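Here is how the chains run, residue by residue.
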Amino acid sequence: MCEFHWQGNSNRCGTPNGYMIVDVDGDNVRWHFKPTGHDLNYQFKIYKPGEFSSQAEYIVANVWDWDNAYKINWYEDGILKGSMEQFSDIDQDFIDSGKVKVYRTDHLFRARPSSTAKKIKIEVTNRFGETYTETIEL
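Here is what the cut-offs are and how they apply
Residues numbered from 1 in each chain as written. Predicted model: local features only at pLDDT ≥ 70, side-chain atom pairs only at ≥ 80, totals over all residues. Heavy atoms only, no water. Helix = DSSP H or I, 4+ residues; strand = E, 2+ residues; numbered from the N terminus. Rg over C-alpha atoms; globule rule 2.2 N^0.38 Å. Buried < 20%, exposed > 50% of the residue type's maximum accessible area, 1.4 Å probe, protein only. Contact = heavy atoms within 4.5 Å. Areas by Shrake-Rupley, 256 points an atom, 1.4 Å probe, with all protein chains shown as cover. Lys, Arg positive; Asp, Glu negative; His and termini not counted. Charge placed at Lys NZ, Arg CZ, Asp CG, Glu CD. Core = buried A, V, L, I, M, F, W, Y, C linked by side-chain atoms within 4.5 Å. pLDDT = per-residue confidence, 0-100. Pairing = 2+ DSSP bridges. Axes fitted to C-alpha atoms, helices over the stretch in contact; angles between N-to-C directions. Phe/Tyr/Trp six-rings, centres within 6.5 Å; stacked < 30°, edge-to-face > 60°. Lys NZ or Arg CZ within 6 Å of the ring centre and 35° of its normal.

Asker: What should I look at first to understand the overall build of the chain in this one?
Answerer: Secondary structure assignment for the chain yields one helix and twelve strands. Listing every helix and strand of the chain by position from the N terminus yields β-β-β-β-β-β-β-β-β-α-β-β-β. Relative to a compact globule of 138 residues, whose C-alpha radius of gyration would be 14 Å, the chain shows 15 Å and is just as compact. Taken along the three principal axes of its C-alpha coordinates, the chain extends 50 × 35 × 25 Å. Counting all 138 residues of the chain, 41% fall into the buried class. Relative to all contacts within the chain whose residues are 6 or more apart in sequence, the contacts with residues 24 or more apart total 50%. For the chain, the computed accessible surface area is about 7,700 Å², with 46% contributed by carbon and sulfur atoms. Separation of charge centres in the chain, based on 16 positive and 21 negative side chains, amounts to 5 Å.

Asker: Could you clarify how one ought to interpret the nonpolar core in this entry?
Answerer: Most often, soluble globular proteins have nonpolar side chains that are buried together. With 17 residues, the main nonpolar core has Phe44, Val63, Met84 and Ile122 as its most contacted residues. Broken down by secondary-structure element, the contributors of at least two residues to this core are β5 (44-47), β6 (59-63), β7 (71-76), β10 (105-111), β11 (119-125) and β12 (131-137). Setting aside residues up to four positions removed in sequence, Ile122 forms contacts with Phe44, Ile46, Ile59, Ala61, Ile72, Asn73, Trp74, Met84, Tyr132, Thr133 and Glu134.

Asker: Please explain unusual backbone geometry as it appears in this structure.
Answerer: Leaving glycine aside, a negative phi is the common case for residues, and trans is the common case for peptide bonds. Positive phi outside glycine occurs at Asp77, with the angle close to 50°. Among the secondary structure elements, Asp77 is positioned in the loop between β7 and β8 (79-83).

Asker: Which parts of the structure should I look at to understand the confidence of the model for the chain?
Answerer: Caution is warranted with low-pLDDT regions, since their predicted coordinates should not be read in detail. Averaged over all residues, the pLDDT of the chain is 90; the fraction at 70 or higher stands at 91%. This model gives residues 1-6 a pLDDT under 50, and the stretch forms twelve contacts once residues within four places in sequence are excluded.

Asker: I'm lost on the sheet that holds strand β9 (residues 85-89) in this one. Help?
Answerer: Consider a sheet: its strands pair through backbone hydrogen bonds, and that pairing is either parallel or antiparallel. Strand order across the open sheet formed by four strands is β5-β6-β10-β9, with antiparallel pairing between neighbours. Each of the sheet's edge strands pairs with one partner strand only, and the pair in question is β5 and β9. Shown here is a sheet whose adjacent strand axes are inclined to one another by a mean of 30°, direction ignored. Pairing geometry for β5 and β6, over four bridges, is antiparallel.

Asker: Would you take a moment to explain the packing of aromatic side chains for this structure?
Answerer: For any pair of aromatic rings, geometry is given as the distance between the ring centres together with the angle between the planes. Counting across every chain of the model gives five aromatic pairs. For the ring pair Tyr47 and Phe52, a centre distance of 5.2 Å and an interplane angle of 80° mean the geometry is edge-to-face. Members of the aromatic cluster, connected to one another through ring pairs, are Tyr47, Phe52 and Phe87. Sitting over the ring of Tyr58, Arg110 keeps its end group 4.8 Å from the ring centre.

Structure, rendered in structure tokens:
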């Protein structure tokens, strides 16, 4: 990522300030995004319903190191509901920053929880089989 895209504490696509860690062992190459000021496990952000203005009825996950090999699943009250739906939009934190809103990102995912949902877990598995999870209460 290029530093000219940073707007305060995050990139215009919603990615927090950070850097890539690349491990090379012969032909084996692995990488991880490391957000500054956060643990390495902080690989995505969840917006609850009502927090992402264009997706008011959805839970939205911004998975900043996403690529096509990732799997992004969601659970409602402990039950696997399937893959989250990918969409393109402007990140809500970037909208809230008051900056010019012209940059859309493709690493946003959404799911519509039921009206009775109490707990949502998002499970992100990267191309290396590493899984990151976050759970939120509704």
